[in-house]
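# Remarks on the overall topology
Now for the letters of each chain:
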Amino acid sequence: MPVDMQRIRELPALVRNPREMARHARSNVELWANILVIGGAIAFMLWQGAGFAVIVGTVFAIWAILSVSLNLVVGFTGLLSVGHIGFFGVGAYTMAILTSSPEYEQLRTEAIPTFGWPFFAALPVCALLAGLAAIIVGIVFNRFRDDIFVLVSFGFAIISFNVFLNWRAVTRGAFGIHEIARPEIGDWRFDGDVEFLLLCLAFLAVVMLISWFVVSSSFGRVLTAIREDEQAIEVFGYQATHYKLAVWVISAMMAGIAGGLFSSWTTFIDPNSFILLESVLLVAIVILGGLATIWGSLLGAMAFVLLEEGMRFIPFLPTEYIGQARQVVLGILLVLLMLFRPQGLVGRYRL
């Protein structure tokens, strides 16, 4: 999250000259995007009350972890992937299988192996298995570039969904997995919505910190160079495929953590949570917020959650059309962004 020192140095002069400050504000799209999204979020929370605000905040935190992780691949490295939801699903199903109550599953058909692990023991496994899946598919993906890479990641998202749906001996297929454990520390159980929100925000902060270290290091500068010209960076002796695989695995492990949190929060998952449309929405969030900026990922996730939850309260919109209306509005927003703001709300690069 680079800080623009030039703008900071200009602030005292702008404060002393209100007219110049007003002109600067009118031309600063990023400033107005931040004010609009954050102001809208605060107003929406106050309008709906504290309980609803906590739920929206939890949804935001999980989607923000996902969007930050994907931005490492799409924004900073220039690899347009639409298969990230597969890693999210791997993390979610790992958490479900490891922590689901064995007693509950024994009463159901399509029984699956259950282990009764605590949340904090299962979460690292969620990240590791998502990373392992990323290594396996990443070795194949590294052979492709540009449009072909998009197509093979598209195929990975479809394959992942079909594995979740049809590997019934492990995932219970369309029946889904119930009774997924909530986190516990000793005698303290994260049953309340506020406690779980704070836990999700803590993991979001960790993911942001790791992402900041990645992109601000020499490793991150190589990723940016790969985005600009992969062949040129290899001339200087850098193995671009190694760097792409490394960031791919890091990103997948973050998505696995988000999946573990999601699974524990909902206490029930089925394959419908990991369809291709969810992956496309995730890419849309990253584009909406802005490529190659961590703050943009947060802003895009916040805007998406406001859109998703806010449209429930439009009085003239029938309930059965809310889902379709969300997709239409999000599609219109993306078209407008491509026409007038191709780098997203606060992005550094055009798609």
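Placed above this text is the structure.
Residues numbered from 1 in each chain as written. Predicted model: local features only at pLDDT ≥ 70, side-chain atom pairs only at ≥ 80, totals over all residues. Heavy atoms only, no water.

### Digging into the overall build of the protein
The condition is simple: Helix and strand labels come from DSSP, where a helix needs a run of H or I of at least four residues and a strand needs a run of E of at least two; each type is numbered from the N terminus. Note on exposure labels: buried denotes an accessible area under 20% of the residue type's maximum, exposed denotes more than 50%, and partly exposed covers the range between, all computed with a 1.4 Å probe on protein chains only. Each accessible area value is a Shrake-Rupley result obtained with a 1.4 Å probe; residue values ignore everything except the protein chains displayed when judging cover.
Within the protein, the secondary structure is distributed over 16 helices and two strands. Within the span of the protein, comprising 351 residues, buried residues form 49% of the whole. When the accessible surface of the protein is totalled, it reaches about 17,100 Å², and 68% of it is carbon and sulfur.

### Some words on the nonpolar core
Put simply, the rule reads: Note on terminology: a nonpolar core comprises buried Ala, Val, Leu, Ile, Met, Phe, Trp, Tyr and Cys residues joined through side-chain atoms within 4.5 Å. Any two residues whose heavy atoms approach within 4.5 Å are treated as being in contact.
In this structure, Phe87, Leu261 and Phe274 are the most contacted members of the largest nonpolar core, which totals 99 residues. With 16 residues, the single largest contributor to this core is helix α4 (residues 50-76). Non-local contacts of Leu261, meaning those with residues more than four positions away in its chain, are made with Ile62, Ile65, Phe119, Leu123, Phe196, Leu199, Cys200 and Phe203.

### A closer look at unusual backbone geometry
Although it is not a glycine, Arg172 sits at a positive phi angle of roughly 65°. With respect to the secondary-structure elements, Arg172 resides in the loop between α9 (168-171) and β1 (184-185). At Ala292, a position not held by glycine, the phi torsion is positive, near 60°. Secondary-structure assignment places Ala292 in the loop between α14 (276-289) and α15 (294-310).

### Focus on the packing of aromatic side chains
The description of an aromatic ring pair uses the distance of the two centres, along with the angle that the planes make with each other. Condition: Each Phe, Tyr or Trp ring, with Trp reduced to its six-membered ring, pairs with another whose centre is within 6.5 Å; inter-plane angles below 30 degrees give stacked pairs, above 60 give edge-to-face pairs, and intermediate values give tilted ones.
Under the criterion given, the structure shown has 19 aromatic pairs. Judged by centre distance (5.7 Å) and plane angle (80°), the ring pair of Phe141 and Phe149 falls under edge-to-face. Taken together, Phe87, Phe141, Phe149, Phe156 and Trp248 form an aromatic cluster joined through their ring pairs.

### Points about the pattern of salt bridges
Rules: Each salt bridge in this description consists of a side-chain nitrogen of Lys or Arg and a carboxyl oxygen of Asp or Glu lying within 4 Å of one another.
One pass over the full model with this rule turns up four salt bridges. With a shortest N-O distance of 3.1 Å, Glu184 and Arg189 are connected by a salt bridge. Classification of Glu184 by relative accessible area gives partly exposed; the value is 42%. A salt bridge links Arg189 to Asp191, with the shortest nitrogen-to-oxygen separation between them at 2.3 Å. What makes Asp191 partly exposed here is its relative accessible area of 44%.

### A closer look at a nonpolar patch on the surface
Our working definition: Residues form patches when they are more than 30% accessible in relative terms and have no salt bridge. Like charges link within 9 Å. Nonpolar side chains (Val, Leu, Ile, Met, Phe, Trp, Tyr) link within 5 Å.
Together, Val328, Ile332, Val335, Leu336, Leu339 and Phe340 make up a nonpolar patch on the protein surface, roughly 630 Å² of accessible area in all. Assignment of secondary structure puts Val335 in helix α16 (residues 322-340).

### With respect to the environment of Trp117
Tracing the chain through its elements places Trp117 in the loop between α6 (102-106) and α7 (119-141). A residue is classified by how much of its surface remains accessible, and Trp117, at 34% relative accessible area, is partly exposed. Between the alpha carbons of Trp117 and Ser101 there is a distance of 9.0 Å; along the sequence they are 16 residues apart. Not counting the four nearest positions on each side in its chain, Trp117 is found in contact with Leu98, Thr99, Ala122 and Val125.

### A word on the environment of Asp193
With respect to the helices and strands, Asp193 occurs in helix α10 (residues 193-216). When the C-alpha atoms of Asp193 and Ile55 are compared, they prove to be 6.9 Å apart, with 138 residues separating the residues in sequence. Excluding its chain neighbours within four sequence positions, the residues that come into contact with Asp193 are Val54, Ile55, Thr58 and Arg182.

### Description of the packing of α10 against helix α11 (residues 218-228)
Going by this rule: Each axis is a line fitted through C-alpha atoms, taken for helices only over the stretch in contact, and angles between the N-to-C directions span 0 to 180 degrees. Any angle that is under 35 degrees is reported as roughly parallel, and any over 145 degrees as roughly antiparallel; angles of 65 to 115 degrees are reported as roughly perpendicular and all others as oblique.
Where α10 contacts α11, the two axes come as close as 4 Å, and the packing angle between them is 70°. When the interaxial angle is binned, α10 and α11 end up roughly perpendicular. On the side of α10, the interface is formed by Val214, Val215 and Ser216, while α11 contributes Ser218, Phe219, Gly220, Arg221 and Leu223.

### Side note on α14
How we decide: Multiply 1.5 Å by the residue count of a helix minus one, and that product is the helix's expected span.
Taking 1.5 Å per residue as the helical rise, α14 with its 14 residues ought to reach 20 Å, and the 20 Å between its terminal C-alpha atoms agrees with that figure. The element α14 is largely enclosed, with a buried count of 11 among its 14 residues. Residues of α14 that are buried: Glu278, Ser279, Leu281, Leu282, Val283, Ala284, Ile285, Val286, Ile287, Leu288 and Gly289. The elements touched by buried residues of α14 are α4, α5 (85-99), α15 and α16. Positive phi appears at Gly290, one or two residues downstream of α14, with a value of about 130°.

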